[in-house]
Structures are given as structure tokens and as C-alpha cells.
Amino acid sequence: MPAEEADKAFIRAWNLLVGHSLRYAASFNGLARDGEYELVRYRAREMVRLLGERGRLREFDYGLCNQVLDHVEVTDAGRLVVIFLRGTQVTV
């Protein structure tokens, strides 16, 4: 997969999270409070913070990507699944 395709997938996935931030923030807040492991709670808190601080992306943000991206998978149908560190998956 070309790097620019992965960049665009990240931008679309992040913007989807931002567009539905109230729903995702509620889920992340619950994990930040009740998560079984400290790393899970930390990542959930960070996602809430970053969703609140950052808006929609117009171009690739390398720093944000390093903070929140786990990896990108390609499905059998050729779609991209962006998996964030908290485990949230967004198919674009």
C-alpha cells in the first residue's frame, strides 16, 4: 500500500472520530475510569484529551499519528481498517 494511501486513511478515520467525538469520548471516559489495566486507562484518557484538543485534519499530522495509531490493516475486500492504540477500529 502506498504511504499516501495510509496517510489519507488515517485522516479520514481521525475525522470520523472527531465527528462522533461525543459518542467515542463517553466510551473512552468509561475505560479511563474502569479499565482493567493502567495502560488501557492511560490510552483512553489520551484519546479523550486529543479528541478535545484537535479538530478535523486537513493534512496528515505525523505527531498525532505517532500518539494514537497502532496500525492499518487491509481487508480481503481491499478496504483499510485504521486501528488506534485504544483498540478502536475505523474502516475507511
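Residues numbered from 1 in each chain as written. Predicted model: local features only at pLDDT ≥ 70, side-chain atom pairs only at ≥ 80, totals over all residues. Heavy atoms only, no water.

Trainee: How should I be thinking about the nonpolar core in this particular structure?
Mentor: In terms of nonpolar packing, the biggest core is built from 23 residues, with Phe10, Trp14, Leu17, Val68 and Phe84 touching the most fellow members. Put simply, the parts of the chain that give this core at least two residues each are α1 (3-19), α2 (21-34), α3 (38-53), α4 (62-68) and β2 (80-84). The element best represented in this core is α1, accounting for 7 residues. Those residues within four positions of Phe84 in sequence are excluded, and the remaining contacts are Phe10, Ala13, Trp14, Leu17, Met47, Val68, Leu69, Asp70 and Val90. (Core = buried A, V, L, I, M, F, W, Y, C linked by side-chain atoms within 4.5 Å. Buried < 20%, exposed > 50% of the residue type's maximum accessible area, 1.4 Å probe, protein only. Helix = DSSP H or I, 4+ residues; strand = E, 2+ residues; numbered from the N terminus. Contact = heavy atoms within 4.5 Å.)

Trainee: I keep staring at the environment of Ile11 and nothing clicks. Help me out?
Mentor: Position of Ile11 among the secondary structure elements: in helix α1. Residue class for Ile11 comes out buried when judged on its relative accessible area of 15%. Note: C-alpha distance between Ile11 and Arg56 (45 residues apart in sequence) is 8.2 Å.

Trainee: Which parts of the structure should I look at to understand the sheet that holds β2?
Mentor: What links the strands of a sheet is backbone hydrogen bonding, and the strands pair in either a parallel or an antiparallel sense. Here we have 3 strands laid out as an open sheet, ordered β1-β2-β3, and antiparallel in their pairing. Since the sheet does not close on itself, it has two edges, and those belong to β1 (69-74) and β3 (89-91), each with one partner. On average, each strand axis in the sheet is inclined to that of its neighbour by 20 degrees, with strand direction left out of account. Where β2 and β3 come together, 3 bridges link them in antiparallel fashion. From the neighbouring strand, Val82 faces β3, where its bridge partner is Val90. (Pairing = 2+ DSSP bridges. Axes fitted to C-alpha atoms, helices over the stretch in contact; angles between N-to-C directions.)

All quantities given are derived from atomic positions and should not be read as evidence of function.
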